[in-house]
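For reference, the chains in residue letters:
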Amino acid sequence: KAGVTQTPRYLIKTRGQQVTLSCSPISGHRSVSWYQQTPGQGLQFLFEYFSETQRNKGNFPGRFSGRQFSNSRSEMNVSTLELGDSALYLCASSAQGQGELFFGEGSRLTVL
Amino acid sequence: AQSVTQPDIHITVSEGASLELRCNYSYGATPYLFWYVQSPGQGLQLLLKYFSGDTLVQGIKGFEAEFKRSQSSFNLRKPSVHWSDAAEYFCAVGESGSYIPTFGRGTSLIVHP
């Protein structure tokens, strides 16, 4: 069974631009979560989607948004990029409501 | 609300030495407990999990963890550390019906040759 796939793995943007990151979950997993990881703040929860609906949202500004498609694939978008948005963005999928997550390798975003 | 505390930000051990990473949680009911490992630049990988039953759980890569309800702890152990174990380790607690676990801040393991 294929794991969680995130694209792109690395990207460089400049301030003010926007970026879209993609995540394909493990087949059969309907829940997809996104996390931001930085050295200073650690692992922070962005949002979770289940069957195309955002069920949970972390404490991030409205510049951070996401969506989930009918095949469970998910995208997250960050608009008007700021230097502080530089981070590793991790996607995770889950099949059971117990907290067990399967992570992708992440998308490393650098904002210049 | 759930919370997870990993009191050690960094741990340094010599290769071949034993390892124990501490994790304390706060949760009212019986929790679902996890340990994840993250190698540099990679995503998190599940090492082991505790849902119920035997309080000593075995995981991948020779790791084990023990759930101690009286101490609200779920410490990770390995009898002999290898250089390839150098990574970031995260403890997490989940609950029934929730797809969003609460993560600790992580412990960075440094292995000296």
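Further up the page is the structure itself.
Here the structure is a predicted model, which means the values were calculated and not measured. (Residues numbered from 1 in each chain as written. Chains lettered and ligands numbered in written order. Predicted model: local features only at pLDDT ≥ 70, side-chain atom pairs only at ≥ 80, totals over all residues. Heavy atoms only, no water.)

*Asks:* Break down the packing of aromatic side chains for me, with residues and values.
*Replies:* When we look at a pair of aromatic rings, we describe it by the centre distance and by the angle of the planes. Applying the stated criterion to the full structure yields 16 aromatic pairs over all chains. Relative to Phe45(A), the ring of Tyr35(A) has its centre 5.7 Å away and its plane inclined at 65°; by these criteria the two rings are edge-to-face. In this pair, Tyr35(A) is assigned in strand 4 (residues 31–38) and Phe45(A) in strand 5 (residues 42–50), connecting sequence segments 10 residues apart. Residue Tyr35(A) is classed as buried on the basis of its relative accessible area, which comes to 1%. Judged by relative accessible area, Phe45(A) falls into the buried class, the value being 18%. A ring pair is formed by Tyr32(B) and Phe51(B), whose centres lie 4.9 Å apart and whose planes are at 75°; its orientation type is edge-to-face. In this pair, Tyr32(B) is assigned in strand 5 (residues 32–38) and Phe51(B) in the loop between strand 6 (44–50) and strand 7 (56–58), connecting sequence segments 19 residues apart. A relative accessible area of 21% means that Phe51(B) is categorised as partly exposed. Grouping aromatic residues by their ring pairs yields a cluster made of Tyr35(A), Phe45(A), Phe103(A), Tyr32(B), Phe34(B), Tyr36(B), Phe51(B) and Phe103(B). (Phe/Tyr/Trp six-rings, centres within 6.5 Å; stacked < 30°, edge-to-face > 60°. Helix = DSSP H or I, 4+ residues; strand = E, 2+ residues; numbered from the N terminus. Buried < 20%, exposed > 50% of the residue type's maximum accessible area, 1.4 Å probe, protein only.)

*Asks:* How would you explain the state of the cysteines if you had to name every residue and give the values?
*Replies:* Following the criterion strictly, the structure yields two disulfides over all chains and no others. Each sulfur of the disulfide joining Cys23(A) and Cys91(A) lies 1.8 Å from the other. Taking the torsion about the S-S bond as the criterion, the Cys23(A) to Cys91(A) disulfide, at about -60°, is left-handed. Of this pair, Cys23(A) sits in strand 3 (residues 19–24) while Cys91(A) sits in strand 9 (residues 87–94), placing them 68 residues apart in sequence. Just as Cys23(A) is buried, Cys91(A) falls in that class too. Disulfide pairing is shown between Cys23(B) and Cys91(B); the S-S distance is 1.9 Å. Taking the sign of the S-S torsion, about -65° here, the bridge from Cys23(B) to Cys91(B) comes out left-handed. Residue Cys23(B) is found in the loop between strand 3 (19–21) and strand 4 (24–26), and its partner Cys91(B) is found in strand 10 (residues 87–94); the two are separated by 68 residues along the sequence. Each member of the pair Cys23(B) and Cys91(B) is classed as buried. (Disulfide = S-S within 2.5 Å.)

*Asks:* Quick one: what's the story with the interface of chain B and chain A, residue by residue and with numbers?
*Replies:* Between chain B and chain A, the contact holds 22 residues from the first and 28 residues from the second. For the pair chain B and chain A, the summed buried surface comes to about 1,900 Å²; carbon and sulfur atoms form 55% of the total. It is Leu44(B), Tyr99(B) and Ile100(B) that lose the most area in chain B upon contact with chain A, and together they represent 35% of the buried surface on that side. Across the contact surface, chain B and chain A share one salt bridge. At the level of elements, strand 5, strand 6 and strand 10 of chain B are the ones that each hand at least two residues to the side of chain B that touches chain A. A total of four residues in the side of chain B that touches chain A trace back to one element, the largest contributor, which is strand 5 of chain B. Classifying every residue of the side of chain B that touches chain A gives 11 nonpolar, eight polar and three charged. (Contact = heavy atoms within 4.5 Å. Buried area = accessible area lost by both parts, 1.4 Å probe. Salt bridge = Lys/Arg side-chain N within 4 Å of Asp/Glu carboxyl O. Nonpolar A, V, L, I, M, F, W, Y, C, P; charged D, E, K, R; others polar.)

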